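What the coordinates show
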Amino acid sequence: MVGYALKRLLGAIPTLAVIVVVTFLLVRLAPGGPFDEEQPLPPEIRANLEAAYGLDQPLTVQLARYVRGLLRGDFGPSFKFKDFSVTELIATGLPVSLTLGSVAMLLAVLLGVPLGVVSALRHNRPTDHLVMGLAVLGIAVPVFVVAPLAALVFGIYLDWLPVAGWTPGEWRDIVLPATTLGLPVIAYVARLTRGSMLESLRSPFVRAACARGVPRTRRIWLHALPAALAPVVSYLGPAAAAVLTGSLVVETIFGLPGLGRYLVQGALNRDYTLVMGMVIVYAAMMILLNLLVDIAYAWLDPRVRPGTRH
Amino acid sequence: MRAAAQRGLWSDALRRLLANRAAATSLLGLALLAGIAIVGPGLSPYAPDQLDWSMMGSPPDWASRHWLGTDRLGRDLYVRTLHGARVSLAIALLATLVSLLIGVTWGAIAGYAGGRIDEVMMRFVDVLYALPNIFFVIILTVVFERSPMLLFLAIGAVGWLTMARVVRGQALSLRHREFVEAAVSCGAGPGRVVFRHLVPNLLGPVVVYATLMIPQMILIESFLSFLGIGIQEPLASLGNLISDGAAEMESAPWILAVPATCLVLIVFCFNFLGDGLRDALDPREY
């Protein structure tokens, strides 16, 4: 198991390396530069600026320097947030984004799975139709429509929760953003759980448990559900991708000082180093999450584990 | 012979598709929406960027012929939403086309070639898969100037990965079939085999997947325009209209409601249509 995890971790390094190089080349081969202002700079000043940021060096030297910096955890200076390095911006944004993302994922599992189970137990009855109807809605209505609506209803009309802002340790700030971010994932998890629960409830081992007189609650939650969870676990990777993407919008709408908002601002300002740094951090997070999902999957289902015969 | 068999397959599929109520309704709805988006703006007396100083931020009002109200600057919302729908649909269709071209070519070559070439080509796809494609689009929009032209190219250029996987799987399963061998034994080169024999035979899944791709492309475009990285004012797209509406929703909720409803309807219809097509074209595989 540990060997498998280590092997997968080593396998992730080339992937990240390719993403770093591709991102770097894309950004550097682009026409125009970070110092293209509306008022063109005098050539001497421009040359000095480029020398200060190392932009006058050949591309390979720049790449080598950037990678060396990355290995030391140095993402370079931000071109537009002049007083901050990209590393500092990441350090302030990462905890916010991680909290938001993990709460959203947690909600997705803690709400999505029970909803799916209830739906499967009430197969083709009104509860099932209601839950699945809501799920279709949750999947089809994009986050950037849900988020403003949620802010309007719960933040302004009902005045239950703050509409924007972030104070560390204040749980009320995170309820609205995390719920809107998690909504499509909750919906999808509910649908997946329902589908595989329906199958698992009909399978022989559940009927055998029934015949042995295992009580209903125990049968459902301890026999049928664990067997039905495999598709949900393998969906967690794509779910993390959806949450990361959605967090760009959610952080912007709710004014959370996370990575997503920096990335969007960086993109609007064409702040190359900031965008590159953020994308690399996102890629690293994605790769790590997929790795964790795969390991969890191998742990749950021994057939996937390498080295076991079946 | 071949033409007759193909017509049979496609007309069968069409019959199954129309028998599916949700899919048929969606198809009709989309045709209707497209028709309104094309003809509709002409029925209103207003132009999309025309400011009506007397009716700024007005709710839907029939007397002044602002059927769905106006935004803060007095621009007619009905006309702007339809223009936005046009832009969003056009960008989504073109981006899908770009993805289709890249994905089908990439996947068919990888699948037909097999072996090391296949491994290298698909490994590249795996690597790009590691990051949600919106991030690549954002890099591309940072790198190049922002214009509708480049936006659809950028979205299309990153959206082909799943298509390549679908096509490659199909090509792998088809490449040892008799008709491919027949073509090869008749002296057809690899290029001809791939594009004249292989590709036409894997169009079923491609059509299904392309239909499911269009709503995703619309969402990506709206997502970027919402964040201000996509389509820019004064040009309207559903994304930047929703963004405008979100800023005003407290005092003028219709500015958000009109484009948001339009977007959700389009996405819904395409999803149901895609599901219906999937059932109609390939009842056993999915």
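The structure under discussion appears in the preceding block.
A quick note: this is a predicted structure, and the numbers were derived from the prediction, not measured.

Once that is clear, we can look at the overall build of chain A. The helix and strand tally for chain A stands at 12 helices and zero strands. Across its three principal directions, the C-alpha atoms of chain A cover 85 × 60 × 35 Å. For chain A, with 310 residues in total, the buried portion stands at 43%. Sequence-distant contacts in chain A: of pairs separated by 6 or more residues, those separated by 24 or more amount to 71%. For chain A, the computed accessible surface area is about 15700 Å², with 66% contributed by carbon and sulfur atoms. Counting 25 positive and 18 negative side-chain charges, chain A places the averaged centre of each group 20 Å from the other.

All names here are of chain A. A contiguous nonpolar patch, built from M1, V2, L6, L9, L288, W299 and L300 and spanning about 760 Å² of accessible area, is present on the exposed surface. Taken together, the elements giving at least two residues each to the nonpolar patch come down to α1 (2-29) and α12 (272-300). Within the fold, L9 resides in helix α1. Taking relative accessible area as the criterion, L9 reaches 41% and is therefore assigned partly exposed.

A separate point is the interface of chain B and chain A. Chain B puts 33 residues into the contact, and the matching count from chain A is 41 residues. Among the residues chain B hides against chain A, the three largest losses belong to F135, V142 and V143 of chain B. Together they make up 17% of the total. At the boundary of chain B with chain A, the tally comes to zero salt bridges. Taken together, the links from chain B to chain A amount to zero residue pairs in polar contact (both at pLDDT 80 or more). Residue assignment for the side of chain B that touches chain A shows that the elements contributing at least two residues are α4 (115-129), α5 (133-143), α10 (203-227), α11 (238-248) and α12 (254-281) of chain B. By residue class, the composition of the side of chain B that touches chain A is 27 nonpolar, two polar and four charged.

To continue, consider the packing of helix α8 (residues 204-211) of chain A against helix α9 (residues 216-228) of chain A. Residues and elements named next belong to chain A. As a packed pair, α8 and α9 sit with axes 10 Å apart at the nearest point and diverge in direction by 165 degrees. The orientation of α8 relative to α9 falls into the category roughly antiparallel. The two elements α8 and α9 meet at a crossing, and its hand is right-handed. Two secondary-structure elements touch here, α8 through F205, V206, A209 and C210 and α9 through R219, H223, A224 and A227. For the contact of α8 with α9, the per-class residue count stands at six nonpolar, one polar and one charged.

Cut-offs applied
- Once a new chain begins, its residue numbering starts again from 1 and follows that chain's sequence as written.
- Chain letters start at A and ligand numbers start at 1, both assigned in the order the entries are written.
- Two thresholds apply to this predicted model, a pLDDT of at least 70 for residue-level local features and 80 or more for giving and counting side-chain atom pairs, whereas whole-chain, interface and lining totals are computed over all residues.
- To get the side-chain values, all heavy atoms of the structure are used, and hydrogens and water are removed first.
- Each helix is a run of DSSP H or I of at least 4 residues and each strand a run of E of at least 2, with the numbering of both proceeding from the N terminus.
- Burial classes: relative accessible area under 20% of the type maximum marks a residue as buried, over 50% as exposed, and values in between as partly exposed (1.4 Å probe, protein chains only).
- By definition in these notes, contact holds between two residues if any of their heavy atoms fall within 4.5 Å.
- All accessibility values rest on the Shrake-Rupley procedure with a 1.4 Å probe; residue burial counts only the protein chains present in the view.
- A residue counts as positive if it is Lys or Arg and as negative if it is Asp or Glu; His and the chain ends are not included.
- Where a charge sits is defined by one atom per residue type, namely NZ (Lys), CZ (Arg), CG (Asp) or CD (Glu).
- Residues enter patches when their relative accessible area tops 30% and they take part in no salt bridge; the joining distance is 9 Å for like charges and 5 Å for the nonpolar side chains Val, Leu, Ile, Met, Phe, Trp and Tyr.
- For this document, the term salt bridge refers to a Lys or Arg side-chain nitrogen within 4 Å of an Asp or Glu carboxyl oxygen.
- Buried area counts how much accessible surface, traced with a 1.4 Å probe, disappears from two parts once they are put together, with both parts' losses summed.
- Within 3.5 Å is the distance limit for a polar contact, defined as a pair of N or O atoms, with the added protein rule that one can donate a hydrogen and the other accept it, and that residues adjacent in sequence qualify only through two side-chain atoms.
- Ten residue types, Ala, Val, Leu, Ile, Met, Phe, Trp, Tyr, Cys and Pro, are classed as nonpolar, four, Asp, Glu, Lys and Arg, as charged, and the remainder, Gly among them, as polar.
- The angle between two axes is taken between their N-to-C directions and runs from 0 to 180 degrees, where each axis is a line fitted to C-alpha atoms and a helix contributes only its stretch in contact.
- In what follows, roughly perpendicular refers to angles from 65 to 115 degrees, roughly parallel to angles under 35, roughly antiparallel to angles over 145, and oblique to any angle outside these ranges.
- Here a crossing is taken to be left-handed if its near helix is turned anticlockwise relative to the far helix by less than a right angle, and right-handed if that turn runs clockwise.

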